[in-house]
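Results of the structural survey
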Amino acid sequence: MKKIHYITLLLSVLFVYKPSAAQNESPDDKIFFSAMNDAIQEHLNKLKLDKLKSPFYIDYSITNAQMISVESSLGGIVSSFEKPYSNADANVLVGDYQQNNLNFYTENSMYGFYGGGFYIPMPQQANYDAVRRSLWIKTDNSYKAAAELIENKIGSLNQQNIPEEELKLADLSKVPVQTQILQNKITENLSKQQWESLAKELSSAFINYPYFTSSGVNIYSYHADVYYLNSEGMKYKQPFDLVCLRIYATTVADDGEPLMDYANLYFTDSRQIPAIDSLKNVTLRMASLLNQLRTAPVISETYSGPVLFEGEAVGEIVSQCFIENANGLLAGRKPFASNANMLAWNSEYFPSENNLEAMIGKKVVSRDLSINALDGTQEFNKIPLIGSYKLDAEGVSVKSSTSLITNGVLQTVLSDRIPTLKIQASNGHKRLALFDGRLSSSLCSGVIEMTSSKKTSMAKLKKQLLALAKEEDYEYAYIIKKIASPMANVPGVYKYTSTRKGQSITSPVYAYRISVKDGSETLVRMTKVTGMNLKAFKRVVAVSDNQQVYNTLQKGSKKSYYSYYSDFNLVGVPSSFIIPEGILFQELDIEKDKNIVLKKEPIAPNPLVSQGTK
């Protein structure tokens, strides 16, 4: 039987569903949906601005959440709050499915100058009149922006020389209409005081590491119901429940290199949290390894040869190369703009065309590799898959399995309701995304499985690594065991995630040099990997026969996440990967990261060190 490895405990979000039926609606549900439906019907008929067109489509999304945030350091509470959160989003489209205000940008829309008006908060209780009033002003603001944008779009496109196939591409695809009322089964959660007690006890473990410059434990508890209704008749209610236990520490090496490590543990409710002794072991293992890294040697030479990725690092390279990549497995459409140069000058703010889509039907990775989307799968060998879901943020149901790459050949990519030149319909991947205490949406994966027809044991994989290195006349090879996640949101992570020239992935947290002579491993630092991208998967030598689960948060197609209001520093889309424990690449480059800014020692002595803390 295959051995299954659960990489840390990075996120566990399981949606619990009941069968869809009208009688599943609670009295509060009926009030919310009644207010949303009446608002849609009235605004479709009455919204009109001067000579501008009326809307043809409206959708509403209402989030009702309860949030708890706790931050602790060295056994003391730094900050703590508990509060409800309610928000509504209104999306208004003017025109028709073929051409509307989507997929077009101007300077005003880029900087948020369209719309405006005043704001009326969404009520936290199911009050029909209060909900209607909040939706009224949201809709009014959205319509003003949409009406002006479509007029600008029509005029701009008439003045630009745009290929015919791009002009004929519809702005919004149609989907089957359905109703899903998915009730939350979670009945109990820990109080803020209980979270504070847990955070204080875990963070106190770092007292024994006086050379750490900062450390802490953050706990985020988020429980929400999401209501959605659009003018097509699409209707759903679904829960979103997430508890995050974030453990982190930073330190500085003897030469001044800033270092950090973290463990993100996620659960759907408090009953899934392990015993305190298990959590302490996670904390102490992380602290011990980071302390070793502080005195590890720095690499001095450039290496170009075989590299083995194992553990968490496998999950992160699959995530970053195949999903968090403009030319990966997420559909991407080139947008229109009032000023064509604006897209080039500000590319980081806009969606972009996915060039990989042109390779559908062609080989894009090794013939030994296949990738499938298993979005409805809730667990793998009793390990929760936090990316599992039944319907996306637009109400589209997902298939139990979708083939993305088969024997190295690209079959399709993940899509939403925005058509691209190659993908005309949604396959249900507009995911709910958490940021700023609210739930938005982002095109993203759910559950991704990578398999290979060329598998071997981890022991043999390491032997192959050493044999390949010896053939290249190296006395050593490299094993990468952890790569920083761009969505980790911990102090010090920016040094690892700000990729530089030649880098396509973030920097390693833990890299090891393995001796060809005796197989001994030496922890090294100040490394960066270049040449690691989706194309590198054409040069896979072999993968391990053991599979593991990697649960993480992803950005998806959303360009950025900001926290302006809530101070709730938990962002992203829950995603899961079923992947090999190890992947061996034929050739990659590893070199010293010369762009790292070294820190000087503080003038005043560290009080924990001077007091003799061990």
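Quick note: structure is the one above.
What you are looking at is a predicted structure, and each value in this text was computed from that prediction instead of being measured. (Residues numbered from 1 in each chain as written. Predicted model: local features only at pLDDT ≥ 70, side-chain atom pairs only at ≥ 80, totals over all residues. Heavy atoms only, no water.)

1. Some points on the packing of helix H5 (residues 192-203) against helix H6 (residues 276-294)
- For the pair H5 and H6, the least separation of the axes is 10 Å and the interaxial angle reads 45 degrees. Relative to H6, the element H5 lies oblique. As for the relative orientation of H5 and H6, their crossing is right-handed in sense. Across the interface between the two elements, Leu-198, Glu-201 and Leu-202 of H5 pack against Ile-276, Leu-279, Lys-280 and Thr-283 of H6.
- Among the residues making up the contact of H5 with H6, the classes are represented as 4 nonpolar, 1 polar and 2 charged. (Axes fitted to C-alpha atoms, helices over the stretch in contact; angles between N-to-C directions. Helix = DSSP H or I, 4+ residues; strand = E, 2+ residues; numbered from the N terminus. Parallel < 35°, antiparallel > 145°, perpendicular 65-115°, else oblique. Left-handed = near helix turned anticlockwise from the far one by under 90°. Contact = heavy atoms within 4.5 Å. Nonpolar A, V, L, I, M, F, W, Y, C, P; charged D, E, K, R; others polar.)

2. Observations concerning the pattern of salt bridges
- Following the criterion strictly, the structure yields 23 salt bridges and no others.
- Linking Lys-237 and Asp-29 is a salt bridge whose minimum nitrogen-to-oxygen distance equals 3.0 Å. Linking Lys-237 in strand S7 (residues 235-252) with Asp-29 in helix H1 (residues 27-46), this pair joins segments that are 208 residues apart in sequence.
- Overall, Lys-237 belongs to the buried group, its relative accessible area being 4%.
- In this structure, Glu-42 and Arg-132 form a salt bridge, with 2.4 Å as the shortest nitrogen-oxygen distance. Residue Glu-42 is found in helix H1, and its partner Arg-132 is found in helix H3 (residues 128-159); the two are separated by 90 residues along the sequence.
- With relative accessibility at 31%, the residue Glu-42 sits in the partly exposed group.
- Within the structure, one salt-bridge network assembled from shared partners comprises Asp-255, Glu-257, Lys-495 and Arg-525. (Salt bridge = Lys/Arg side-chain N within 4 Å of Asp/Glu carboxyl O. Buried < 20%, exposed > 50% of the residue type's maximum accessible area, 1.4 Å probe, protein only.)

3. Here we look at H5
- Spanning 12 residues, H5 covers 16 Å between terminal C-alpha atoms, matching the ideal 16 Å at 1.5 Å per step.
- Those residues of H5 lying buried are Lys-192, Trp-195, Glu-196, Leu-198, Ala-199, Leu-202 and Ser-203. For H5, the angular spread of buried residues about the axis comes to 165 degrees, placing them on one side.
- Next to the buried residues of H5 lie strand S2 (55-73), strand S3 (76-94), strand S6 (212-230), S7 and H6. (Expected span 1.5 Å × (residues − 1). Arc of directions from axis to C-beta.)

4. Digging into the packing of aromatic side chains
- Applying the stated criterion across every chain, the model contains 19 aromatic pairs.
- A centroid spacing of 4.5 Å and a plane angle of 45 degrees characterise the contact between Tyr-303 and Tyr-474, whose relative ring orientation is tilted. Highlighted residues: Tyr-303 in strand S9 (residues 303-310) and Tyr-474 in the loop between helix H9 (458-471) and strand S20 (476-483), separated in sequence by 171 residues.
- Judged by its relative accessible area of 0%, Tyr-303 falls in the buried class.
- Look at Tyr-303 and Tyr-476: their rings are 5.9 Å apart centre to centre, the planes differ by 35 degrees, and that puts the pair in the tilted class. With Tyr-303 in strand S9 and Tyr-476 in strand S20, this residue pair connects regions lying 173 residues apart in the sequence. For the pair formed by Tyr-303 and Tyr-476, the shared burial category is buried.
- Three or more aromatic residues link up through ring pairs in this structure, and these residues are Tyr-220, Tyr-222, Phe-240 and Phe-568.
- Looking at Arg-294, its charged tip hangs above the ring of Tyr-211, at a distance of 4.3 Å from the centre.
- Over the aromatic face of Tyr-389 sits the side chain of Arg-431, whose NZ or CZ is 4.2 Å from the ring centroid. (Phe/Tyr/Trp six-rings, centres within 6.5 Å; stacked < 30°, edge-to-face > 60°. Lys NZ or Arg CZ within 6 Å of the ring centre and 35° of its normal.)

5. Topic: empty space enclosed by the protein
- This model, assessed by the stated rule, comprises 3 cavities of 30 Å³ or more.
- Taken as a whole, the largest cavity spans an internal volume of roughly 100 Å³.
- Forming the boundary of the largest cavity are 15 residues, of which Glu-257, Lys-495, Tyr-496, Pro-508 and Met-526 lie nearest the centre.
- In terms of residue count, strand S21 (residues 508-515) provides more of the lining of the largest cavity than any other element does, 3 residues in total.
- When the residues that make up the lining of the largest cavity are grouped by side-chain class, the tally is 9 nonpolar, 2 polar and 4 charged. (1 Å grid on protein atoms, 1.4 Å probe; cavity = no way out; pocket = protein on both sides within 12 Å on 5 of 7 lines; lining within 4 Å. Points joined across faces, edges and corners; volume = space filled by probe spheres on them.)

6. Focus: a negative patch on the surface
- Residues Glu-471, Glu-472, Asp-473 and Glu-587 make up a contiguous surface patch of negative charge.
- For Asp-473, the position within the fold is in the loop between H9 and S20.
- Under the relative-accessibility criterion, Asp-473 is labelled exposed at 71%. (Patch = residues over 30% accessible without salt bridge, like charges linked within 9 Å, V, L, I, M, F, W, Y side chains within 5 Å. Areas by Shrake-Rupley, 256 points an atom, 1.4 Å probe, with all protein chains shown as cover. Lys, Arg positive; Asp, Glu negative; His and termini not counted. Charge placed at Lys NZ, Arg CZ, Asp CG, Glu CD.)

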